[in-house]
Amino acid sequence: MEVREIAWDLLKTVNQIILGKAKQTREILAAMLAGGHVMLEDIPGVGKTTLAVTFSELLGFQWNRVQFTPDVLPSDLTGFSIYRRDTQQFEYQEGAVFCNLLLADELNRTSPKTQSALLEVMEEQQVTVDRETRKVPSPFFVIATQNPSGAAGTQPLPPAQIDRFMVSMSLGYPDLENEIAMAKGETVGKNKGKIQQKADIPAFREMQQQAEQVYIDDDLYEYIVKLISATRESPYLEYGASPRGTIALVRMAKAAAWLRGRDFVVPEDVKEQFPYVVRHRMILNGKARIDGISKEQMITSVLQSIRMPEIGRKR
């Protein structure tokens, strides 16, 4: 079985457990293939932990979960050294980030200092403790969740950290049919125990390599840059998407095309991925709040203002 077929089979299994969220699960897998982290802006209880566990088990990943509260310390993530009396030496104890997939639950409930402890590992896949740098396992991904903005006990994530998430999305509530199925126990109760590993890390790396080799026409590169640049020129935005957002949109478009069975990107791939890549990177200003402009309206406006190229086919 080719690795693309393995990826499709993997998604099929995930969607038997997380009902009614096929679009979101494909987006999360695409982000992982693109080498990026995922931010879920959601309410509690919609299956985020089950989602992370399912992906980890299907891919043969080691995973950890941290429930962020105000008393979580940076050392809980990065690790720390303790003095051993028997050896009369300091011994390093690994923190939660030493895994392949970290579920950072309710990240905006903890202190800014602890939030910032994730910055180095998200970008460089390493941590520095006691002046010594240590690599975390590879691949390494963060699936983080944050409570709705303004909820009690939340601390806004700094822009530097938000920018390190490749995409953001919401799982949201299930529809009527799927919630009835959940009530009957037709998802986690019946299917979670049947999870069998579909791939391993070498197979996952092969998926990533194939996604990276997907072709993008020069006109599509220009289209991507124009879309990102348009977010920086709006009178309603304090900040637009950074150059990191440009790179993220390229990688996500490639991964999305690969998961659809193509080895080339079409304009629709870019248009589809644009909201996921830029939404968390756009910071509305006071004028937007006064005029009642939402991020969704801004995204729609940008997409309508930039003409889609007619090409994008493989040479």
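Residues numbered from 1 in each chain as written. Predicted model: local features only at pLDDT ≥ 70, side-chain atom pairs only at ≥ 80, totals over all residues. Heavy atoms only, no water.

Enquirer: Any chance you could break down unusual backbone geometry for me, citing the residues and the numbers?
Expert: Excluding glycine, most residues fall at negative phi; most peptide bonds, likewise, are trans. Residue proline 139 is reached from serine 138 by a cis peptide bond, and omega for that bond is 0°. Despite not being glycine, glutamate 106 has its phi angle at roughly 55°, a positive value. Mapped onto the elements, glutamate 106 comes out in the loop between strand S5 (101-105) and helix H5 (112-116). Judged by relative accessible area, which is 14%, glutamate 106 ranks as buried. In this structure, arginine 131 takes a positive phi of about 65° despite not being glycine. Here arginine 131 is to be found in the loop between strand S6 (126-129) and strand S7 (132-135). A relative accessible area of 86% means that arginine 131 is categorised as exposed. (Helix = DSSP H or I, 4+ residues; strand = E, 2+ residues; numbered from the N terminus. Buried < 20%, exposed > 50% of the residue type's maximum accessible area, 1.4 Å probe, protein only.)

Enquirer: Describe the sheet that holds strand S9 (residues 165-169), listing the residues and the values that go with them.
Expert: Read from one edge of the open sheet, five strands run S2-S5-S8-S1-S9, paired in parallel fashion. One side of each edge strand has no neighbouring strand; the edge strands of this open sheet are strand S2 (63-67) and S9. Taken over all neighbouring pairs, the strand axes of this sheet differ in orientation by 15° on average, direction set aside. Two elements, strand S1 (residues 37-41) and strand S8 (residues 141-146), share four bridges in a ladder whose sense is parallel. What sits directly across from leucine 40, in S8, is threonine 145. (Pairing = 2+ DSSP bridges. Axes fitted to C-alpha atoms, helices over the stretch in contact; angles between N-to-C directions.)

Enquirer: I'd like a description of the packing of aromatic side chains, backed by residues and values.
Expert: Applying the stated rule across the entire model yields five aromatic pairs. Arranged with centres 6.3 Å apart and planes meeting at 20°, the rings of phenylalanine 61 and phenylalanine 141 form a pair that is stacked. Residue phenylalanine 61 is located in the loop between helix H3 (48-59) and S2, and its partner phenylalanine 141 is located in strand S8; the two are separated by 80 residues in the primary sequence. Each member of the pair phenylalanine 61 and phenylalanine 141 is classed as buried. With a centroid separation of 6.1 Å and an interplanar angle of 70°, the aromatic rings of tyrosine 92 and phenylalanine 98 are classed as edge-to-face. Summarising the burial analysis for this pair, tyrosine 92 and phenylalanine 98 share the class buried. Taken together, the ring pairs in this structure connect Phe61, Phe141 and Phe204 into an aromatic cluster. Its end group placed over the ring of tyrosine 92, arginine 134 keeps NZ or CZ at 3.7 Å from the ring centre. Sitting over the ring of phenylalanine 264, arginine 262 keeps its end group 5.8 Å from the ring centre. (Phe/Tyr/Trp six-rings, centres within 6.5 Å; stacked < 30°, edge-to-face > 60°. Lys NZ or Arg CZ within 6 Å of the ring centre and 35° of its normal.)

Enquirer: Can you explain the UniProt feature "domain: ChlI/MoxR AAA lid" (unreviewed entry) in the chain? Please cite residues and give values.
Expert: Annotation from UniProt places "domain: ChlI/MoxR AAA lid" (unreviewed entry) at residues 230-300. Helix makes up 62% of residues 230-300 and strand 7%. Its end C-alpha atoms lie 12 Å apart. (UniProt positions renumbered as here; feature names shortened; annotations may be inferred.)

Enquirer: Requested: an account of H3, with residues and values cited.
Expert: End to end, H3 covers 17 Å across 12 residues, agreeing with the expected 16 Å (1.5 Å per residue, within 8%). Among the 12 residues of H3, 10 are classified as buried, and the element is accordingly described as predominantly covered. Buried within H3 we find Lys48, Thr50, Leu51, Ala52, Val53, Thr54, Phe55, Ser56, Leu58 and Leu59. Looking one or two places after H3, you find glycine 60, whose phi comes out positive at around 70°. (Expected span 1.5 Å × (residues − 1).)

Enquirer: Outline the environment of isoleucine 143, listing residues and values.
Expert: With respect to the helices and strands, the residue isoleucine 143 is situated in strand S8. Its relative accessible area of 2% is what places isoleucine 143 among the buried residues. Sequence spacing of isoleucine 143 and lysine 198 is 55 residues, and the spatial spacing of their C-alpha atoms is 20 Å.

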